[in-house]
Structure formats: structure tokens, C-alpha cells
Amino acid sequence: MKSAFTTAAILAALQAPALAQDEPYLDDRSSPETLLQSLYNAVNRKEYARAYDYFATPPAASLDAYQEGYADTDHVALVTGTASSEGAAGSIVYSLPVAIRARAGDGGERVFAGCYTLRLSNPQIQGTPYAPLHIEKAEMKPATGELHDVLPASCGDGTPDETDTVLADAKALFSTLYGRDCPQAPDRDASDQVQSYTIPFNYSHESLDTPKHEARLFRFYCGSGAYNENHAYILANEDGGLTPLQFATPETSVQYENGDSDGKVEDIRIVGYTADDMLVNSTYDADTLTLTSYNKWRGVGDAFSAGTWIFREGTFTLVRYDVDASYDGEKDPVTVLDYHTGP
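All values derive from a computational prediction rather than experimental measurement.

A. Structural detail: the state of the cysteines. Here the structure, examined in full by the defined rule, presents two disulfides. Sulfur-sulfur distance for the disulfide between cysteine 115 and cysteine 155 comes to 1.9 Å. Across the S-S bond linking cysteine 115 and cysteine 155, the dihedral sits near -75°, which makes this disulfide left-handed. With cysteine 115 in strand β5 (residues 109-121) and cysteine 155 in the loop between α5 (147-150) and β7 (159-160), this pair connects stretches of sequence that are 40 residues apart. At a sulfur-sulfur separation of 1.6 Å, the disulfide partner of cysteine 182 is cysteine 222. The chirality of the disulfide connecting cysteine 182 with cysteine 222 is left-handed, given an S-S dihedral of about -70°. Remark: cysteine 222 occurs in strand β9 (residues 213-224) and cysteine 182 occurs in the loop between α6 (165-178) and α7 (190-193); sequence separation between them is 40 residues. With respect to class, cysteine 182 is no different from cysteine 222; both count as buried. When the cysteines engaged in disulfides are numbered in sequence order, the protein chain pairs them as 1-2, 3-4.

This is the structure in C-alpha cells:
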């Protein structure tokens, strides 16, 4: 069976403790994958006591010794594969394929691959103190190559877990970033809450016969008003690394005749740019690799702004922006930016 893999959504961690903590805090024991992400999130944030505590059996003679083992480590990147699981005396034992790249302060890198074993005692029969999912042991060896190439295809003899871990990670990141601002509609179908798209692509510097990379785009519903619906987007690279997308958006100034917004539009011009983390009434077209938005300024949709962002070089670039600023009952937008239409 083909192994699925995912990467922790990790930002660069710097040696200075204050800067190391710029990486968003992650402490999630809900699955083997998220626990490993939390482990290396703690390492990257220099929170070694938290990392040390994820192990049932201490991974070093003392916390000081454990911390000393990371003294020259600047950042750790993580890829996890498909976990297998099996029951054992009132517990579930997970075996998880793992590959990591540890970058030292001098820029040197070392790659390791192997298996982590984790255990969760049945939560329904536990007392206090409660024991959450924890790491029992790690068997890692030095490796050479890209993380997804050295990642073991499987670990253990249990039943493979078919969970889409990249989607699960994207949902967790969405909840962390937007949970308070994006109300979910209980009457909406689950497929409307989040949609997933696979994007095969090549970089411009690669030859035509280069095997395609594969990204995944996740669109999350983020509330709606009377006539507009908001969406947030998260992009996963081919290793499963997650990035919440920001979209370049022109800021426009509209001049109306006699200053009357119900009158004739005399001029529309770009006065700057913003980076928006939401698109309005947006759709993704897999054939053209484009995201489009259509932001109605009022319900009839005769006044609006509309953007087009195309996927290239591994992300989305603004290539067209139209504005219809006249409230005249007609749709006659002005194109204020166009890098998309041919001559």
C-alpha cells in the first residue's frame, strides 16, 4: 500500500529563545502524527521540558542531558507516514514511520529515519492521574536523501490507519488560526465546510520530463452574510508542510462625479496593496489552476470587486483584478490590473 505522509506545520526556529517562540505553539496528543508534530514543535521552540514529557520513559538520563543533545540544533523538519495500530492489554499501540532533518546552527544538516512507538491506554477505563497518548520509544538511524524518500513505507505489524493525516493537520491548523473568527454552520454538509484539491505542477526552472510535484489546496468555509461567503485557504506542499495563504489584493480609490457614490464613476485607481487571508465567494478551477473571488458590494451584485490568482512556482500570484464601482444595476467592471490576458 502506498504510504501517505505529512509534515509538521513548522516555521523556522532561531537560536535566540524569544525568536524561537515565534513558531506557533502546538500541543496536540489526539493522534500519533500530531503528537510527533508537537514533540518537534517543542524542540524548535526550545521548550525541552515539554518535549521531554511526551515520553513515557525518559529519553535521556535527565532533562539537562536531553536539552544538551539539542544544543547545536537550530531547527528540525518532520515527515510522518501512515501509522499502524494494534490492541494490547487495554491499550492501543501505534507504530509510526518518521523522517527528520536536523539543521545545526552552522547550517549543517543531518537526516534520520525510522519508527516511533506510541501507546494510548483506554481513556474510558483510566482513573487519575490520566495518561494521554505518549511516546514509548524511538528507533531512528542516520539516512541520506530527501525526507519523503527515506521515510519508511511502514512500521509495525498492525492495521494501517487510513486517516488522511494531511487533511487532519490542515483542519487542526485552521482551527488554531481561525477557530474564533470562522463560525461553522451546523446545517451545512461536511464537504462544504472544507474542500480539498490536488495540484500537480512543475517549477519554471525544471525540464518538461521532470516528475511533477504535488501540492494540496484546502478551502475552508469561514462564515457568510446576506450575500457574501468567506473562505480561508491552507496549502500543503508535497511533504505535507502547511502554509496558511495570504492573497495580494489591490487597494483602490474610486472617484465619483460630484462626490456622489450613486453617480457616475470618474476614476478608479490602485493606491496600494494588502495581503488578505480570506477570499469572498471564491472558487478554484483545477483546469486553469486559478482561484477567483467575487466580492459583492451589495446584494444585487452590480457593484463588486473580483480577483484572479494563478498557481505558479508553488504558490498563488495575483494576475487580474476588476472593480465595478457603479451602483447602476449593470455589471460593467473596470480592469485595474491585468497580467493574465494575452495581447
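B. Examining the sheet that holds strand β16 (residues 290-296) more closely. Pairing is antiparallel across the open sheet formed by five strands, whose spatial order is β15-β16-β17-β18-β19. Two strands close off the open sheet at either side, each with one partner strand: β15 (283-285) and β19 (334-338). Geometrically, the sheet is characterised by an average inter-axis angle of 20° between neighbouring strands, direction not taken into account. Of the pairings in the sheet, the one linking strand β18 (residues 315-324) to β19 comprises four bridges and is antiparallel in character. The residue bridging valine 323 from the neighbouring strand is valine 334, located in β19.

Criteria and thresholds
- Residues numbered from 1 in each chain as written.
- Predicted model: local features only at pLDDT ≥ 70, side-chain atom pairs only at ≥ 80, totals over all residues.
- Heavy atoms only, no water.
- Disulfide = S-S within 2.5 Å.
- Helix = DSSP H or I, 4+ residues; strand = E, 2+ residues; numbered from the N terminus.
- Buried < 20%, exposed > 50% of the residue type's maximum accessible area, 1.4 Å probe, protein only.
- Pairing = 2+ DSSP bridges.
- Axes fitted to C-alpha atoms, helices over the stretch in contact; angles between N-to-C directions.

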